[in-house]
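These are the residues of each chain, in order.
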Amino acid sequence: MAKKAKQRKSPVHAAITGVHGYLPPDVLTNADLARMVDTSDQWITERTGIKERRILKGEGLGTSHMGAEAVRGLLKKTGTAPEDVELLICATTTPDFVHPATANLICDMVGIHGIGSFDVQAACSGFVYALTVAAQFIRAGAYRKIVVVGADKMSAIVDFTDRATCVIFGDGAGAVLVEPSRKFGIIDTMIRSDGSGMRYLHQPAGGSRMPPTAETVAKRMHSVHQEGASVYKFAVAGMTEVVSGLMKRNHLKNDDVDWFVPHQANKRIIETTADRMDIPMQRVMMTIQKFGNTTAATIPLSLWDYESKLKAGNRLLLAAFGGGFTWGGIYLTWAYDGSHRR
Ligand code: UT7
């Protein structure tokens, strides 16, 4: 019996085996914003930690353009042929169209044909949700190569006359390859939602409840409306809940966490959450200063930015909070050293 138990194989994990990102070249600095609305570099830096963000310019370019760039780079660096990808999931709140899904468009743009692809809409928690979905397909043995994209063109839904929201957001995309592994990968996930939070953070018009009219456009109802201070409190509470929940469930002490990978909404939210969890800032990924809040893209962009520092076996805690409300976290072990995939 003992011998049999020893030989038992460990369960299959869904491991991230590559990451890539794309940021559009146009930079919007705090100084640029101060020329557009009544704000200052000092206010934005002190209240959010953001110094600059990227904006996707160019006629006819939507979220799919950035997602496709990230996926092209991912396939190239991991040596993956488009025909080997078995499923593509795109987390976005700024799809190119209400339909078809942005995932369908990305597949077509990068030469992936005839597979399943769909969007996941969970606002800033979108990447955590999409990666959680991908992990189930891998664990079930349904697919062996899944691409998960987090991409948002927030500049398309931001009101650049509203200083309370326009300073926070930016555009970008990140993508990861997810494959089965018996050694490393996703160990635990936690996703949460509360639709009653809608009033604090939403885009009022453009959906089936309030289809677009000349009036909704004139009233700027097609952009993000946020009660920042309320969302701030819910975000700290939600991120702390999932991080502490995952740590408790997996018997992790703060020293066991090699990297905390939070959604980049506000430097102060990240610092407060890390402080509550007693995780020192040297082990917290921080990219908000240069990319702003790119919604579903912040976590894959952070993983991409820090990729060279990561080592196989590193324990990572991902956590996000966003519109919905939605929030969630993932505990995983990193699958490779530095910029090499395996
Ligand atoms: O990622 C999805 C989830 N979203 C979030 O997690 C965002 C969470 N919220 C936040 O990050 C912060 O609430 C904000 C960065 C959005 C705002 O920071 P805050 O410290 O909560 O400011 P506030 O909204 O309480 O406003 C404080 C003051 C107000 O002026 P009064 O009423 O005190 O005179 C605002 O009008 O700051 C004013 N203000 C600004 N001043 C200069 C608001 N935006 C600006 C601005 N520049 N851009």
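Residues numbered from 1 in each chain as written. Predicted model: local features only at pLDDT ≥ 70, side-chain atom pairs only at ≥ 80, totals over all residues. Heavy atoms only, no water.

Draft legend 1. Examining the site of the ligand more closely. Surrounding the ligand, one finds 23 residues, the nearest of these being Thr 39, Arg 47, Arg 163, Asn 266 and Asn 293. Between the ligand and Thr 39 there is a distance of 2.7 Å, counted from a nitrogen atom to a side-chain nitrogen or oxygen. Between the ligand and Gly 228 there is a distance of 3.0 Å, counted from an oxygen atom to a backbone nitrogen or oxygen. Protein chains bury 73% of the 960 Å² of accessible surface belonging to the ligand in isolation. Cavity membership is defined here by more than half of the atoms lying within 2 Å of grid points; on that basis the ligand lies in the second largest pocket. Looking at the shell around the ligand, the element that brings in the most residues is helix H9 (residues 228-249), giving four residues. (Near = heavy atom within 4 Å. Polar contact = N/O pair within 3.5 Å; in protein donor to acceptor, adjacent residues only side chain to side chain. Areas by Shrake-Rupley, 256 points an atom, 1.4 Å probe, with all protein chains shown as cover. 1 Å grid on protein atoms, 1.4 Å probe; cavity = no way out; pocket = protein on both sides within 12 Å on 5 of 7 lines; lining within 4 Å. Sits in = over half its atoms within 2 Å of the grid points. Helix = DSSP H or I, 4+ residues; strand = E, 2+ residues; numbered from the N terminus.)

Draft legend 2. Main features of the sheet that holds strand S7 (residues 171-181). Pairing is mixed across the open sheet formed by five strands, whose spatial order is S1-S7-S6-S4-S5. The outermost strands of the open sheet, each flanked by one partner alone, are strand S1 (13-22) and strand S5 (116-120). Strand-to-strand twist of the sheet, defined as the mean angle between neighbouring strand axes without regard to direction, takes the value 20°. Together, S1, strand S4 (87-91), S5, strand S6 (146-153) and S7 form the strand contacts of helix H6 (residues 126-139), whose direction differs from that of S6 by roughly 165°. Sheet strands in contact with helix H12 (residues 298-305) are S1, S6 and S7, and its direction is about 85° off that of S1. (Pairing = 2+ DSSP bridges. Axes fitted to C-alpha atoms, helices over the stretch in contact; angles between N-to-C directions. Contact = heavy atoms within 4.5 Å.)

Draft legend 3. Just unusual backbone geometry, in detail. With an omega of 5°, the peptide bond between His 99 and Pro 100 qualifies as cis. Following Gly 324, the chain continues into Phe 325 via a peptide bond in cis, with omega recorded as -15°. Summarising the element assignment, Phe 325 is placed in the loop between strand S12 (315-322) and strand S13 (326-333). Of note, Arg 220 is a non-glycine position whose phi angle comes to about 55°, a positive value.

Draft legend 4. Quick look at the domain arrangement of the protein chain. With domains assigned, the protein chain is organised as domain 1 (13-183) and domain 2 (187-336). Computed from C-alpha atoms alone, the centre-to-centre distance between domain 1 and domain 2 is 14 Å. Each partner contributes residues to the interface: domain 1 has 52 residues there, and domain 2 has 47 residues. For domain 1, the biggest contributors to the area lost against domain 2 are Cys 124, Val 128 and Tyr 129; these three give 16% of the whole. Among the ionic pairs, Arg 220 bridges to Asp 159, the shortest N-O distance being 3.3 Å. (Domains from an automatic or database assignment. Buried area = accessible area lost by both parts, 1.4 Å probe. Salt bridge = Lys/Arg side-chain N within 4 Å of Asp/Glu carboxyl O.)

Draft legend 5. Quick look at H9. In this model, H9 (22 residues) spans 31 Å end to end at C-alpha, consistent with the 32 Å of a helix rising 1.5 Å per residue. Looking only at H9, the buried set comprises Val 231, Tyr 232, Ala 235, Val 236, Gly 238, Met 239, Thr 240, Val 242, Val 243, Leu 246 and Met 247. Looking one or two residues beyond H9, the residue adopting positive phi is His 251, at roughly 50°. (Expected span 1.5 Å × (residues − 1). Buried < 20%, exposed > 50% of the residue type's maximum accessible area, 1.4 Å probe, protein only.)

Draft legend 6. The arrangement of the side chain of Lys 153 in detail. Within the fold, Lys 153 resides in strand S6. Look past the residues within four positions of Lys 153 in its chain and what remains in contact with it is Leu 56, Leu 61, Gly 62, Thr 63, Met 66, Thr 94 and Asp 171.

Draft legend 7. Quick peek at the nonpolar core. With 83 residues, the main nonpolar core has Leu 131, Val 148, Leu 303, Leu 316 and Trp 334 as its most contacted residues. A total of nine residues in this core trace back to one element, the largest contributor, which is H9. Counting only domains with at least three residues in this core, you end up with domain 1 (13-183) and domain 2 (187-336). Discounting residues that sit within four places of it in the chain, Leu 316 has contacts with Trp 259, Val 261, Leu 303, Leu 310, Ile 330, Tyr 331, Leu 332 and Trp 334. (Core = buried A, V, L, I, M, F, W, Y, C linked by side-chain atoms within 4.5 Å.)

Draft legend 8. How the structure looks around the sheet that holds S13. What the four strands build is an open sheet, ordered S8-S13-S12-S11; its pairing is mixed. Two strands bound the open sheet, and with one partner strand each, they are strand S8 (185-193) and strand S11 (259-262). Averaged over all neighbouring strand pairs, the angle between strand axes comes to 10°, with direction disregarded. In the sheet, S12 pairs with S13 via eight bridges, with the strands oriented antiparallel. When the bridges of S13 are listed, Phe 321 appears paired with Trp 327. Across the sheet, H9 lies against S8, S11, S12 and S13, angled at about 150° from S12, the strand it touches most.

Draft legend 9. Quick look at the packing of helix H4 (residues 63-78) against helix H5 (residues 102-110). Following both chains from N to C, one finds H4 and H5 inclined at 50°, their axes separated by 9 Å at the closest point. On the basis of their axis angle, the class for H4 and H5 is oblique. Pair H4 / H5 crosses with right-handed handedness. Between H4 and H5, the residues in contact are Thr 63, Ser 64, His 65, Gly 67, Ala 68, Val 71 and Arg 72 and Thr 102, Leu 105, Ile 106, Met 109 and Val 110, respectively. Considering only residue class, the contact of H4 with H5 consists of six nonpolar, five polar and one charged. (Parallel < 35°, antiparallel > 145°, perpendicular 65-115°, else oblique. Left-handed = near helix turned anticlockwise from the far one by under 90°. Nonpolar A, V, L, I, M, F, W, Y, C, P; charged D, E, K, R; others polar.)

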